[in-house]
Amino acid sequence: MRDETIPTHCPYCALQCGMNLRPGGAAETVVEVVERPDFPVNRGALCGKGRTSPALLSSRVRLTEPLIRSHATGRLEPATWEDALRTIADGLRRTKDVHGPDAVGVFGGGGLTNEKAYTLGKFARVVLGTSQIDYNGRFCMSSAAAAHNKAFGLDRGLPFPLEDIPKTGCVILVGSNLAETMPPALRFLTELKENGGTLIVVDPRRTKTAEQADLHLAPRPGTDLALALGLLHVIVAEGRTDEAFIEERTSGWADARAAAMAHWPELVERITGVGVPQLREAVRMFCDAPTGMVLTARGPEQQSKGTDTVSAWINLCLATGRAGRPLSGYGCLTGQGNGQGGREHGQKADQLPGYRKLDDPAARAHVAEVWGVDPESLPGPGRSAYELLDALGGDVKSLLLMGSNPVVSAPRAAHVEERLKSLDFLAVADVVLSETAALADVVLPVTQWAEETGTTTNLEGRVLLRRRAVDAPPGVRSDLQVLGGLAGLLGHEKGFPSDPEEVFEELRRASAGGPADYSGITYRRIAEEDGVFWPCPEQQEPEAHPGTPRLFLDRFATDDGRARFVAVGHRPAAEEPDAEYPVLLTTGRVVAQYQSGAQTRRVDELNAAAPGPFVELHPQLAERIGAADGDPVAVVSRRGRAVGPARITNGIRPDTVFMPFHWPGEGRVNTVTNPALDPTSRMPEFKVCAVRVEPAA
Ligand SMILES: Nc1nc2c(c(=O)[nH]1)N[C@H]1C(S)=C(S)[C@@H](COP(=O)(O)OP(=O)(O)OC[C@H]3O[C@@H](n4cnc5c(=O)[nH]c(N)nc54)[C@H](O)[C@@H]3O)O[C@H]1N2
Ligand SMILES: Nc1nc2c(c(=O)[nH]1)N[C@H]1C(S)=C(S)[C@@H](COP(=O)(O)OP(=O)(O)OC[C@H]3O[C@@H](n4cnc5c(=O)[nH]c(N)nc54)[C@H](O)[C@@H]3O)O[C@H]1N2
Ligand code: SF4
Ligand SMILES: [Mo]
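From a predicted model like this one, the values you see are computed outputs, not experimental measurements. (Residues numbered from 1 in each chain as written. Chains lettered and ligands numbered in written order. Predicted model: local features only at pLDDT ≥ 70, side-chain atom pairs only at ≥ 80, totals over all residues. Heavy atoms only, no water.)

Q: So what's going on with the overall build of the chain? Residues and values would help.
A: The secondary structure content of the chain amounts to 22 helices and 30 strands. On C-alpha atoms alone, the chain measures out to a radius of gyration of 24 Å, which is about the 26 Å that the 2.2 N^0.38 rule sets for 697 residues. Dimensions of the chain, computed from C-alpha atoms along their principal axes, come out at roughly 70 × 70 × 50 Å. In the chain, which comprises 697 residues, the share counted as buried stands at 65%. Long-range contacts, defined here as pairs at least 24 residues apart, represent 73% of the contacts in the chain between residues at least 6 apart. Split by element, the accessible area of the chain, about 23,400 Å² in all, is 48% carbon and sulfur. Taken together, the 75 basic and 89 acidic charged side chains of the chain have centroids lying 2 Å from each other. (Helix = DSSP H or I, 4+ residues; strand = E, 2+ residues; numbered from the N terminus. Rg over C-alpha atoms; globule rule 2.2 N^0.38 Å. Buried < 20%, exposed > 50% of the residue type's maximum accessible area, 1.4 Å probe, protein only. Contact = heavy atoms within 4.5 Å. Areas by Shrake-Rupley, 256 points an atom, 1.4 Å probe, with all protein chains shown as cover. Lys, Arg positive; Asp, Glu negative; His and termini not counted. Charge placed at Lys NZ, Arg CZ, Asp CG, Glu CD.)

Q: Outline the sheet that holds strand E3 (residues 31-34), supporting the account with residue identities and numerical values.
A: Across a sheet, paired strands are connected by hydrogen bonds in the backbone, their directions being either parallel or antiparallel. Read across the sheet, 3 strands follow the order E1-E2-E3 without closing on themselves; strand pairing throughout is antiparallel. Strands at the two margins of the open sheet, each flanked by one partner only, are strand E1 (6-9) and E3. Between one strand axis and the next, the sheet turns by 40° as a mean value, whatever way the strands run. Bridge count between E1 and strand E2 (residues 18-23): 4 bridges; the pairing is antiparallel. Directly across from Pro 7, in E2, lies its bridge partner Asn 20. (Pairing = 2+ DSSP bridges. Axes fitted to C-alpha atoms, helices over the stretch in contact; angles between N-to-C directions.)

Q: A description of the site of ligand 1 should follow, citing residues and the corresponding values.
A: Among the 33 residues in the neighbourhood of ligand 1, the closest are listed as Asp 203, Asp 224, Arg 589, Gln 593 and Gln 595. Between ligand 1 and the protein, one listed contact pairs an oxygen atom with a side-chain N or O atom of Arg 205 at 2.8 Å. Between ligand 1 and the protein, one listed contact pairs a nitrogen atom with a backbone N or O atom of Val 590 at 2.9 Å. Starting from 910 Å² of accessible surface for ligand 1 in isolation, the protein chains cover 99%. Among the secondary structure elements, those contributing two or more residues to the shell around ligand 1 are helix H5 (178-181), helix H12 (298-301) and strand E23 (583-588). For the shell around ligand 1, the residue count by class is 10 nonpolar, 15 polar and 8 charged. (Near = heavy atom within 4 Å. Polar contact = N/O pair within 3.5 Å; in protein donor to acceptor, adjacent residues only side chain to side chain. Nonpolar A, V, L, I, M, F, W, Y, C, P; charged D, E, K, R; others polar.)

Q: Give me the lowdown on the nonpolar core, citing residues and values where you can.
A: Within soluble globular proteins, side chains that are nonpolar generally end up buried alongside one another. If you look at the biggest cluster of nonpolar residues, it comprises 89 residues, and the most contacted ones within it are Leu 15, Phe 123, Ile 165, Leu 173 and Leu 444. Sorting elements by how many residues they give to this core places helix H2 (residues 81-99) first, with 6 residues. Judged by nonpolar contacts, the second largest core, of 84 residues, contains Ile 172, Leu 232, Val 268 and Val 294. (Core = buried A, V, L, I, M, F, W, Y, C linked by side-chain atoms within 4.5 Å.)

Q: Can you lay out the packing of helix H4 (residues 142-152) against helix H13 (residues 306-319) for me, pointing to particular residues and giving the numbers?
A: The description of two packed helices rests on the angle between their axes and on the distance between the axes. The interhelical angle for the contact between H4 and H13, taken along N-to-C directions, is 45°, at an axis separation of 8 Å. Relative to H13, the element H4 is oriented oblique. Our pair here, H4 against H13, has a crossing hand that is right-handed. Contacts from Ser 143, Ala 144, Ala 146, Ala 147, His 148, Lys 150, Ala 151 and Phe 152 in H4 reach Gly 306, Thr 307, Val 310, Ser 311, Ile 314 and Leu 318 in H13. (Parallel < 35°, antiparallel > 145°, perpendicular 65-115°, else oblique. Left-handed = near helix turned anticlockwise from the far one by under 90°.)

Q: Lay out the site of ligand 3 with the relevant residues and their values.
A: Close to ligand 3 lie Cys 10, Tyr 12, Cys 13, Leu 15, Gln 16, Cys 17, Leu 46, Cys 47, Lys 49, Gly 50, Pro 183 and Pro 184, which account for all nearby residues. Along the lines of polarity and charge, the residues of the shell around ligand 3 split into 9 nonpolar, 2 polar and 1 charged.

Q: Give me the lowdown on the pairing of strand E16 (residues 398-402), citing residues and values where you can.
A: Burial analysis of E16 places 5 of its 5 residues in the buried class, the great majority of the element. Pairing between strand E6 (residues 104-108) and E16: 4 bridges, direction parallel. Residue pairing for E16: Gly 105 is matched across the bridge by Leu 399. Of the strand pairs in this sheet, E16 and strand E17 (residues 425-430) are connected by 5 bridges, and their pairing is parallel. Among the inter-strand pairings, Ser 398 is bridged to a residue of E17, identified as Phe 425.

Q: Before we move on, could you go through the pairing of strand E30 (residues 689-695) and cite the residues and values that matter?
A: Here E23 runs beside E30; their pairing, made up of 3 bridges, is antiparallel. Looking at E30, one finds that Leu 584 is bridged to Ala 690. Strand direction decides the pairing type here: strand E25 (residues 632-636) and E30, joined by 4 bridges, are antiparallel. Paired with Val 636 across the bridge in E30 is Arg 692.

Q: So, the environment of Leu 606: which residues are in play, and what are the values?
A: Among the secondary structure elements, Leu 606 is positioned in helix H21 (residues 604-609). Once the C-alpha coordinates of Leu 606 and Gln 593 are considered, the two residues, 13 residues apart in sequence, prove to be 6.7 Å apart. Leu 606 has contacts with Gly 48, Lys 49, Thr 52, Ala 592, Gln 593 and Thr 600, leaving out every residue within four places of it along the chain.

Q: Any details on helix H9 (residues 253-261)? Residues and values, ideally.
A: Listed as buried for H9 are Trp 253, Ala 256, Ala 259 and Ala 260. End-on view of H9: buried residues confined to an arc of 130°, all on one side of the axis. Those residues of H9 that are exposed and angled more than 90 degrees off the buried face are Ala 254 and Asp 255. (Arc of directions from axis to C-beta.)

Q: An account of unusual backbone geometry is requested, with residue identities and associated values reported.
A: With the exception of glycine, most residues fall at negative phi, and the peptide bonds are largely trans. With an omega of 0°, the peptide bond between Trp 534 and Pro 535 qualifies as cis. Following the sequence through the fold, Pro 535 ends up in the loop between strand E21 (532-533) and strand E22 (563-564). One non-glycine residue, Arg 412, lies in positive phi territory at about 50°. Among the structural elements, Arg 412 can be located in the loop between helix H16 (406-409) and helix H17 (413-421). For Arg 412, a relative accessible area of 31% puts it in the partly exposed group.

Q: Tell me about the sheet that holds strand E9 (residues 198-202), and please be specific about residues and values.
A: If you trace the 5 strands from one edge of the open sheet to the other, you get E10-E9-E8-E12-E13, paired in parallel fashion. Both outer strands of the open sheet, strand E10 (215-217) and strand E13 (329-332), are each paired with one neighbouring strand and no more. This sheet shows a mean twist of 15° between the axes of neighbouring strands, independent of strand direction. Here strand E8 (residues 170-174) runs beside strand E12 (residues 292-296); their pairing, made up of 5 bridges, is parallel. Among the inter-strand pairings, Val 171 is bridged to a residue of E12, identified as Met 293. Packing of H13 onto the sheet brings it into contact with E8, E9, E12 and E13, and relative to E12 it is tilted by some 175°.

Q: Can you tell me about the side chain of Lys 49, naming the residues and giving the values?
A: Residue placement: Lys 49 occurs in helix H1 (residues 48-51). Despite its burial, Lys 49 pairs with no opposite charge, the nearest such side chain being Glu 180 at 8.1 Å. In this structure, Lys 49 is in contact with Tyr 12, Glu 180, Val 591, Ala 592, Gln 593, Tyr 594, Thr 600 and Leu 606, ignoring residues within four places of it in sequence. (Salt bridge = Lys/Arg side-chain N within 4 Å of Asp/Glu carboxyl O.)

Q: I'd like a rundown of the packing of helix H7 (residues 224-237) against H9, residues and numbers included.
A: Interaxial distance between H7 and H9 falls to 8 Å at its minimum, and their mutual angle equals 105°. Comparing the axis directions of H7 and H9 gives the class roughly perpendicular. Where H7 abuts H9, its residues Leu 229, Leu 232, His 233 and Val 236 lie against Trp 253, Arg 257, Ala 260 and Met 261. When its residues are assigned to classes, the contact of H7 with H9 shows 6 nonpolar, 1 polar and 1 charged.

Q: Got a sec to walk through the packing of aromatic side chains? Specific residues and values, please.
A: This model, assessed by the stated rule, comprises 10 aromatic pairs. Ring geometry for Phe 504 and Tyr 518: centres 6.4 Å apart, planes at 55°, overall tilted. Within this pair, whereas Phe 504 is found in helix H19 (residues 500-511), its partner Tyr 518 is found in the loop between H19 and helix H20 (523-529), the two being separated by 14 residues in sequence. For the residue pair Phe 504 and Tyr 518, the accessibility class agrees, reading buried in each case. When the centroid spacing of 5.3 Å and the interplanar angle of 45° are considered together, the rings of Phe 504 and Tyr 523 count as tilted. One end of the pair, Phe 504, is in helix H19; the other, Tyr 523, is in helix H20, with 19 residues separating them in the sequence. For the residue pair Phe 504 and Tyr 523, the accessibility class agrees, reading buried in each case. Counting every residue linked through ring pairs, the aromatic cluster contains Phe 152, Phe 552 and Phe 556. Taking the ring centre of Phe 188 as reference, the NZ or CZ of Arg 187 above it sits at 4.4 Å. The ring centre of Phe 614 lies 3.6 Å from the NZ or CZ of Arg 647, which sits over that ring. (Phe/Tyr/Trp six-rings, centres within 6.5 Å; stacked < 30°, edge-to-face > 60°. Lys NZ or Arg CZ within 6 Å of the ring centre and 35° of its normal.)

Right, dumping it as structure tokens:
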């Protein structure tokens, strides 16, 4: 252990708050977190998860030795690294020999560093030769990514730094509860209002975030597309479009306009439940301000029409000239620690590093050269995350999983659990024995953020350096060591270094010239500059490229430089309420738990704050089913049932119930959710399905 204070970033969400780590601290942790006020994103502030993150470094709660499932007992038993890696290599090779390379699957995560995501994608394509790789980011921001690419020719979550938000005139925040999901970012909204700006929040629930709004619109879950189209209709009808901007900077307006004009405010009121006066008020607020932003998060995106929904919100920005200009634009608030970088460097089914397309011959040639392989040897695009999980035990027989816990977090989770159990072979690398790791044939204990160095790219597109601050416990290895070890056993001695900086240097070359160009970024620059925004192509000294905090100010990243309107029309959710399942279920998060809870459920302070699931429902619905506050309530869909205590509140629509998804067992809401997929992004419909709500006697 070193004794200086080491600047680094939080292991959890996409805000990637800066923190300092100092050796020592509470008895059960090896480091303590100290404020890092100089980092501009959070200026020292941390939520409870970041503050308590060192608790997970303690060996009391984590895995510290490899485990192999014993044939004799059926249980996971401690094993040596040598045996564990050999068992995995044998398992994957056997599947490949008997059933071909595409029978081996790989599943990654948006929490993995850039170096890990890059190496995992390379490992799948080069060592295994499989097309069957995807990751949990598909469940997260894929709809926004798809809409970004369509409209702007480039997908970076935010086209501007967070510090621009307080300076704009009006923000429409759609389906983001950032007061709970990124608490230090709430400051940007508070400052917006202090500066005289206005805030509109769109959420079926009156969340802590919605409480901050000047105007709260509470649509029925799954109707954001109609809402955005209705607003655009009013904008056109009231003559509030920016014709000069449309003419100079965009294409496709005529069709998008015609599509929006079919969505009369009265029709939109019927679909969404948001009144016409509120629609007009929202348009007035947004268009009266000289500048404006629309920010979306999982609410409108995790729908079977998430891509079209985001396109509709982008259309609204383009039609009003709120894009491609200072202090205006559309942005998506990406979620996971490396939700941005994790979607750029090749763990996605259709992707090569640098956000290149796997089916683009020039991209294949470039990356194949960096990898020293024949472009012909690279497989084509594979299945999306849910489709891959659904195929387990079918034509995908073995799986290597790193950085996700789908038993809790995947839609239709009981089915996914059963698919995982039907595999010939499952290997999981994790820091804890997650519900998914507990099903594995081999479990590998890996190092954590404070024990390893690596880069992440936060929701602003800012590439950051997490630094190693402490030694890992003996018995634990890094994900890069794991992949390098397996590659060696599978005949690839070279090309899989375990030193993160060495991997990053290769990633720079692989990304050079691609949409997400990191070639001008080095560990040293990141350290000196509070992070570097991509794209940052390599240029000759002394004029290094400064990085790109703000995108699209001169031109969009399309071939002709114009942003593209996409003509979209409303359609219902994949599953609408009926007599048998009359209520809408939506799902999301609470402040003290993270994702599947694999990590945060092991931290005492967080567990005390959020000990278990609950069912949020309106007093009218509670009365109709005869439930009092705290009574166990069952939420039942065509896929299964989840139970939690009733939490009765006026802050939710009477036709909707809400459950957070952080827990396994009978409170696992993903037993209930609908895996209906968006046709473009293949995002599952986590945010709306039809359910019955009843006392769980
Ligand atoms: N505490 C905590 N913070 C986290 C995470 C966590 O698990 N816990 N996860 C991180 C990750 S990976 C992500 S992706 C982000 C997610 O961050 P958010 O998107 O803020 O989180 P959610 O709670 O999933 O959804 C946001 C809101 O969408 C609303 N909503 C539900 N249905 C609809 C709908 O149909 N339309 C609209 N407009 N809104 C709807 C919900 O009521 C909810 O308040 O958070 C990140 N931060
Ligand atoms: N109903 C419903 N379901 C949802 C959502 C929702 O809103 N509603 N949101 C979806 C979204 S946006 C997301 S992002 C997913 C997230 O859901 P998951 O993919 O399950 O995400 P985590 O719980 O973060 O799982 C990460 C796992 O990897 C481990 N881990 C952490 N860091 C590392 C590392 O560096 N290496 C390795 N090998 N392991 C590591 C953790 O211990 C944990 O077990 O859930 C989705 N599921
Ligand atoms: S807001 Fe996100 S990055 Fe910041 S401390 Fe909390 S979990 Fe960590
Ligand atoms: Mo996410």
